[in-house]
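# Chains, contacts and geometry: an overview
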Amino acid sequence: MKMTADDFWEIGASGKICGRDFVIENLLERYKTPEPDDWSCTDFSTRQLAENLYQLNYVLKQPDRRTRRTTLWRKTDGAWQIVFHQGAIIT
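Now for a look at the structure at hand. All residue numbers refer to positions counted from 1 along the written sequence of the respective chain. A pLDDT threshold of at least 70 governs which residues receive local features in this predicted model, and a stricter bar of 80 or more applies before side-chain atom pairs are shown or counted, although totals over entire chains, interfaces and linings include all residues. In computing side-chain values, all of the structure's heavy atoms are included and hydrogens and water are not.

## Some words on helix H1 (residues 20-31)
Working note: α-helix, 3.6 residues per turn, so residues spaced by three or four point in the same direction. Its 12 residues give H1 an end-to-end C-alpha distance of 17 Å, which sits within 8% of 16 Å, the value for a rise of 1.5 Å per residue. The classification of residues rests on relative accessible area computed with a 1.4 Å probe and restricted to protein chains. Under 20% of the type maximum is buried, over 50% is exposed, and intermediate values are partly exposed. In this description a helix means any DSSP run of H or I spanning at least four residues, a strand means any run of E spanning at least two, and both kinds are numbered starting from the N terminus. Here H1 has its buried residues at Arg 20, Val 23 and Ile 24. Axial view of H1: buried residues confined to an arc of 95 degrees, hence all on one face. Among the exposed residues of H1, those pointing more than 90 degrees away from its buried face are Asp 21 and Glu 25. Residues are treated as being in contact if the distance between any of their heavy atoms lies within 4.5 Å. The inward-facing, buried residues of H1 abut strand E1 (4-11) and strand E2 (17-19). Each residue after the first adds 1.5 Å to the expected span of a helix. Throughout, the arc means the angular range of directions from the helix axis out to the C-beta atoms.

Okay, here's the thing in structure tokens:
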């Protein structure tokens, strides 16, 4: 949870906007029953947006869909934190 900034939010592949607490609770619940090994990530790229702010992009491949993901990472007090995440279904 230290990796997630207090002001974190995300836009899911469904278009739903979620805050930090909801996302963390959802992930903790998911970790109780791990996903099968048939999920994979490809097409990684990064770019610097500002000092101590980077954008990570990748494609998540799941059995029933592919989504393009982007995550913003900010370095504060020597530690990296996620500040924003978005997923979009690839059609």
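Here the narrative resumes, following the displayed structure.
## So, the pairing of strand E6 (residues 79-89)
Whether two strands pair comes down to DSSP finding at least two bridges between them. Bridge count for E1 against E6 is 4 bridges, and the pairing is parallel. When the bridges of E6 are listed, Thr 4 appears paired with Ile 82. Two strands pair when backbone bridges link them, and strand E5 (residues 65-76) and E6 are joined in this way by 10 bridges, in the antiparallel orientation. When the bridges of E6 are listed, Lys 75 appears paired with Trp 80.

## Digging into unusual backbone geometry
The backbone of Asp 43 sits at a positive phi, close to 55 degrees, despite the residue not being glycine. The topology assignment puts Asp 43 in strand E3 (residues 40-50). Although it is not a glycine, Asp 77 sits at a positive phi angle of roughly 50 degrees. In this structure, Asp 77 sits in the loop between E5 and E6. The class for Asp 77 is exposed, based on a relative accessible area of 81%.

## Description of the environment of Asn 26
Topologically, Asn 26 is positioned in helix H1. Separated by 41 residues in sequence, Asn 26 and Thr 67 place their C-alpha atoms 19 Å apart.

## Points about the sheet that holds E2
Strand order in the open sheet formed by 6 strands is E2-E1-E6-E5-E4-E3, with mixed pairing between adjacent strands. The sheet terminates laterally at E2 and E3, the two strands that pair on one side only. Taken over all neighbouring pairs, the strand axes of this sheet differ in orientation by 15 degrees on average, direction set aside. Convention adopted: a line fitted to C-alpha atoms gives each axis, helices being fitted over their contacting stretch, and angles between N-to-C directions are expressed from 0 to 180 degrees.

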